[in-house]
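Reading the structure
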Amino acid sequence: MKTKKITTIALIALGAMTSSCKKQEPEPVVCNNCTEPTECSFCPGEEISLDANGMVNEVYAHQVSFFHEDGQEVQPIAPIERTPSGFYDFHEGMSIEFNTAELPIACTANKITFVHARFANNTNDHPNLVNVKFPTTPLIVCPADSLTQYLAPYGYQAQHFYLPGYVNMSNSQGFAGVIDSLIITGPDFQTVTVGANLFESELRSICIAHQ
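What counts, and where the lines are drawn
Residues numbered from 1 in each chain as written. Predicted model: local features only at pLDDT ≥ 70, side-chain atom pairs only at ≥ 80, totals over all residues. Heavy atoms only, no water. Helix = DSSP H or I, 4+ residues; strand = E, 2+ residues; numbered from the N terminus. Buried < 20%, exposed > 50% of the residue type's maximum accessible area, 1.4 Å probe, protein only. Salt bridge = Lys/Arg side-chain N within 4 Å of Asp/Glu carboxyl O. Pairing = 2+ DSSP bridges. pLDDT = per-residue confidence, 0-100. Contact = heavy atoms within 4.5 Å. Core = buried A, V, L, I, M, F, W, Y, C linked by side-chain atoms within 4.5 Å. Axes fitted to C-alpha atoms, helices over the stretch in contact; angles between N-to-C directions.

**Concerning the environment of proline 84**
Relative to the helices and strands, proline 84 is located in the loop between strand 6 (81-83) and strand 7 (86-90). A relative accessible area of 36% means that proline 84 is categorised as partly exposed. For the pair formed by proline 84 and glycine 45, sequence separation is 39 residues and the distance between their alpha carbons is 6.8 Å.

Following this line, the structure appears as structure tokens:
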């Protein structure tokens, strides 16, 4: 897999992220497997179609580059496996951009939830790294448990729950691991990007809704 240095990107400073990272105590997952859509929510799951190259390709969603804290870009690549409500991979990251105006929901979206599941002893650098971007924010690249701090100045609220959980490797196989469950609400959801470091990890249970 090819990566390249980028010269300009709105990344949060690594030093600031490292010094401010605080792990929350484990709490129950709020949206682990969001699978029942209502008229004001939509959870893509298995409904996301893949194109001939195995890439996410929908009117409302497509893959975009994933970025690491040092500015390295992981260009879109086909995930190795589909899971019951997401994707498993052993590459270095996967991000999906959603256009909420194209989603089959009747309400204006202001909430997104997703789960990042992985090996408890994952040896990849920054195994809990996520990417998040909203219309009024820069691309935020940070550990999952730091999102609250970096989204707050832009009017977004993030809740993070970390605890043991199950990691799906496919529709039929998996293993015990740990999960970061994230809930984000805010003012502007016209376009939303969420991504995770997918080195032996799963990105799943993405749900967009009106709260």
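Next, the rest of the story.
**Quick word on the pattern of salt bridges**
In this structure the tally under the stated criterion is two salt bridges. For the salt bridge of aspartate 180 with arginine 118, the shortest nitrogen-to-oxygen distance reads 2.5 Å. Taken together, the residues aspartate 180 in strand 13 (residues 174-185) and arginine 118 in strand 9 (residues 111-118) connect sequence positions 62 residues apart. With respect to burial, aspartate 180 and arginine 118 carry one shared label: buried. For the salt bridge of arginine 204 with glutamate 202, the shortest nitrogen-to-oxygen distance reads 2.7 Å. Glutamate 202 shares its class with arginine 204; the two are buried.

**Observations concerning the pairing of strand 14 (residues 191-196)**
Counting buried positions over the six residues of strand 14 gives five, a clear majority of the element. Pairing between strand 8 (residues 94-99) and strand 14: six bridges, direction antiparallel. What sits directly across from isoleucine 96, in strand 14, is valine 194.

**Concerning the environment of proline 138**
Turning to its location among the elements, proline 138 is positioned in the loop between strand 10 (129-133) and strand 11 (140-143). Residue classification places proline 138 among the buried positions, given a relative accessible area of 19%. In sequence terms proline 138 and leucine 151 are 13 residues apart; their C-alpha atoms lie 9.7 Å from each other.

**Structural notes on the confidence of the model for the protein**
Overall, the prediction assigns the protein a mean pLDDT of 84, with 82% of residues at 70 or greater. Segment residues 1-37 is flagged for pLDDT under 50; beyond a separation of four residues in sequence, or across chains, it makes 82 contacts in the model.

**Quick notes on the nonpolar core**
Counting residues in each nonpolar core, the largest one holds 35 residues, and the members touching the most others are Ile112, Phe114, Phe134, Leu147, Leu151 and Ile184. Listed by contribution, the elements that provide at least two residues to this core are strand 8, strand 9, strand 10, strand 11, helix 2 (147-151), strand 13, strand 14 and strand 15 (199-209). Setting aside residues up to four positions removed in sequence, phenylalanine 114 forms contacts with Val130, Val132, Asp180, Ser181, Leu182, Ile184, Val194, Leu203, Arg204, Ser205 and Ile206. Core analysis: the second largest hydrophobic core is formed by seven residues, Val115, Leu163, Val167 and Ile179 among them.

**A few points about the sheet that holds strand 14**
Read from one edge to the other, the open sheet built from five strands follows the order 3-8-14-10-11, with strand pairing classed as antiparallel. A single partner strand is all that each edge strand has here, and the edge strands are strand 3 (61-64) and strand 11. With direction set aside, neighbouring strand axes in the sheet form an average angle of 20 degrees. Here strand 10 pairs with strand 14 via four bridges, running antiparallel. Within strand 14, the position partnered with lysine 133 by the bridge is threonine 193.

**Here we look at the environment of proline 79**
Along the chain, proline 79 falls in the loop between strand 5 (72-74) and strand 6. What makes proline 79 buried here is its relative accessible area of 11%. Expressed as a C-alpha distance, the spacing of proline 79 and aspartate 89, which sit ten residues apart in the sequence, is 5.4 Å. Leaving out residues up to four positions away in the same chain, proline 79 has contacts with Gly54, Gln63, Phe87, Tyr88, Asp89 and Met94.

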